[in-house]
Amino acid sequence: MAIESSCDETACAVLENGRALLGSTVASQMDIHARYGGVFPEVASRQHVLSIMPVIEDTLAKSHLTLSDIDALAVTRGPGLAGSLVVGVNAAKGLALGTGLPLIGVNHLEGHLYSAWVYNAGQTPPPEPEFPLMVLLVSGGHTELDLMTGHLEYKRLGSTLDDAAGEAFDKIGRVLGLSYPGGPAIQKASEEGDPHRFELPRAWLEDTWNFSFSGLKTAVLREVKSFHAQGRTLPAADMAASFQEAVVDVLFIKTMDAAREFQVKEILVAGGVSANHALRERFLHQREFPVHIPALSLCTDNAAMVAAAGYRRLALGQPSAMDMDVLPTWPLA
Ligand code: KG4
Ligand code: ZN
């Protein structure tokens, strides 16, 4: 059983054999933070305190289990908001102390990757990703390319020099007057828009595996301001679609280039932005590499992914750690 509380989602899940999902609950605080246009850390931690026990109880009930059926506990230790992480880690320590179960601290980013191993109990297990894997991790806080050579073995090839992809979606969503979070809102607005209406820049940062979205963000802002200055109505759907297209182009093309360069067997795309329809389509339509992208409900923050990573760490011998501290900044590799 795992607990996740690194940002604005209080979550708990139970997996069997590290892959089969028996029950999962995600209590989202999205509506609460929407009025601030982003996550308000102090509000988030207070909300976690209110939600954590009901979320755990709900998950056990959904899984038709009690605590005595659980074999091990995992919890997100970082990266994330310190005040939010502390709530999950303390709840997990309390459960571990009360039950005597081993407790594994999990890196949230590693959790995102391991969401690709999870499937719903009762369904046929999808094939496991095969190493070496090229990993594109795209979330609200991180955007990076990692070479995964085996379980829990990563080499970071490059990452964003400024905003994470999800962060860019959220900021541009705000600029376009869309609801929070910007990612799903931009995807929705794009359905009605022309992705070629605006010629927006793509930062290729050639000879590196890094990303940058600040130039793209500035270009959108400049266009929006120029429409306003001239008293013209901005075609927001076209702008949303053009922006999404620019982000997807860079993420897709750089990942494919890296996959070829490092001669990987397969590609794995994970993190909140991997829920993006245009990005998924792009990867699923190429035939060069088999691609693993988690089910939609497992792309954004959840605890099933934390359980999957925790299971793997426990299986490979990581000892229980009752004295763990939260790690708000904790790179994957
Ligand atoms: O992984 P996640 O839930 O939280 C972090 O660990 O950061 O990712 C959240 C991010 C947000 O920035 C959100 O706007 C973005 O994922 N996101 C999307 C979509 N769904 C969520 N971005 C683009 N298209 C989507 N459909
Ligand atoms: Zn996340």
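One can find the structure itself at the top, above this paragraph.
Reading the values: rules and limits
- Residues numbered from 1 in each chain as written.
- Chains lettered and ligands numbered in written order.
- Predicted model: local features only at pLDDT ≥ 70, side-chain atom pairs only at ≥ 80, totals over all residues.
- Heavy atoms only, no water.
- Helix = DSSP H or I, 4+ residues; strand = E, 2+ residues; numbered from the N terminus.
- Polar contact = N/O pair within 3.5 Å; in protein donor to acceptor, adjacent residues only side chain to side chain.
- Buried < 20%, exposed > 50% of the residue type's maximum accessible area, 1.4 Å probe, protein only.
- Arc of directions from axis to C-beta.
- Pairing = 2+ DSSP bridges.
- Contact = heavy atoms within 4.5 Å.
- Axes fitted to C-alpha atoms, helices over the stretch in contact; angles between N-to-C directions.
- Donors = N, O, S within 2.8 Å, 3.2 Å for Na, K, Ca; no water.
- Parallel < 35°, antiparallel > 145°, perpendicular 65-115°, else oblique.
- Left-handed = near helix turned anticlockwise from the far one by under 90°.
- Nonpolar A, V, L, I, M, F, W, Y, C, P; charged D, E, K, R; others polar.

Caption draft 1: Structural detail: the environment of arginine 232. Its place among the elements puts arginine 232 in the loop between α7 (214-229) and α8 (236-261). Here the side chain of arginine 232 touches glutamine 230 through a polar contact of 2.8 Å, side chain to side chain.

Caption draft 2: Highlighting helix α5 (residues 165-175). Among the residues of α5, those classed as buried are Ala165, Gly166, Ala168, Phe169, Ile172 and Gly173. Considered in projection along α5, the buried side chains sweep an arc of 160° and stay on one side of the axis. Phi for glycine 177, located one or two positions after α5, is positive at around 75°.

Caption draft 3: Highlighting the sheet that holds strand β4 (residues 73-78). Across the sheet, six strands lie side by side as β5-β4-β1-β2-β3-β6; this open sheet has mixed pairing. Edge positions in the open sheet fall to β5 (103-107) and β6 (119-120), since each of these has one partner strand only. Of the strands in this sheet, β1 (2-4), β2 (9-16), β3 (20-28), β4 and β5 touch helix α11 (residues 304-315), which is tilted by about 115° from β5.

Caption draft 4: Focus on the coordination of the zinc ion (ligand 2). Bound to the zinc ion (ligand 2) on the protein side are His108 (NE2), His112 (NE2) and Asp301 (OD), at distances that span 2.0 to 2.1 Å. Written as a sequence motif, the donor residues of the zinc ion (ligand 2) are H-x3-H-x188-D. Within this pair, whereas histidine 112 is found in helix α4 (residues 108-114), its partner aspartate 301 is found in the loop between α10 (296-299) and α11, the two being separated by 189 residues in sequence. You'll find histidine 112 and aspartate 301 in the same group, each marked buried.

Caption draft 5: View of unusual backbone geometry. The omega torsion of the bond from glycine 78 to proline 79 falls at -10°, within 30 degrees of zero and hence cis. Considering the arrangement of structural elements, one finds proline 79 in the loop between β4 and α3 (82-99). The residue after phenylalanine 131, namely proline 132, is reached through a cis peptide bond having omega -5°. Mapped onto the elements, proline 132 comes out in the loop between β6 and β7 (133-138). The phi dihedral of leucine 205 falls on the positive side, at around 45°, and the residue is not glycine. Considering the arrangement of structural elements, one finds leucine 205 in the loop between α6 (182-190) and α7. On the basis of relative accessible area, leucine 205 is assigned to the partly exposed category, the value being 28%.

Caption draft 6: Layout of the packing of α6 against α8. At a closest axis distance of 8 Å, the pairing of α6 and α8 adopts a crossing angle of 115°. If you check the angle between α6 and α8, you find them roughly perpendicular. Between α6 and α8 lies a crossing of left-handed hand. For the pair α6 and α8, the contacting residues are Ile186, Gln187, Ala189 and Ser190 in the first and Ala237, Ala240, Ala241, Phe243 and Gln244 in the second. Per-class residue counts for the contact of α6 with α8 are six nonpolar, three polar and no charged.

Caption draft 7: Just the pairing of strand β8 (residues 143-150), in detail. β8 sits mainly inside the fold: seven of its eight residues count as buried. Direction of pairing for β7 relative to β8: antiparallel, over a ladder of six bridges. For valine 135, the partnering residue across the bridge sits in β8 and is aspartate 146. Hairpin connection from β7 to β8: four residues lie between these consecutive antiparallel strands. In this sheet, strand β9 (residues 153-159) lies alongside β8 in antiparallel orientation, the contact comprising six bridges. Bridge pairing in β9 links leucine 145 to glycine 158. Taken together, β8 and the strand that follows it, β9, pair antiparallel across an intervening segment of two residues, in which leucine 152 is found at a positive phi of about 65°.

Note that all results are geometric; they support no functional claim without further evidence.
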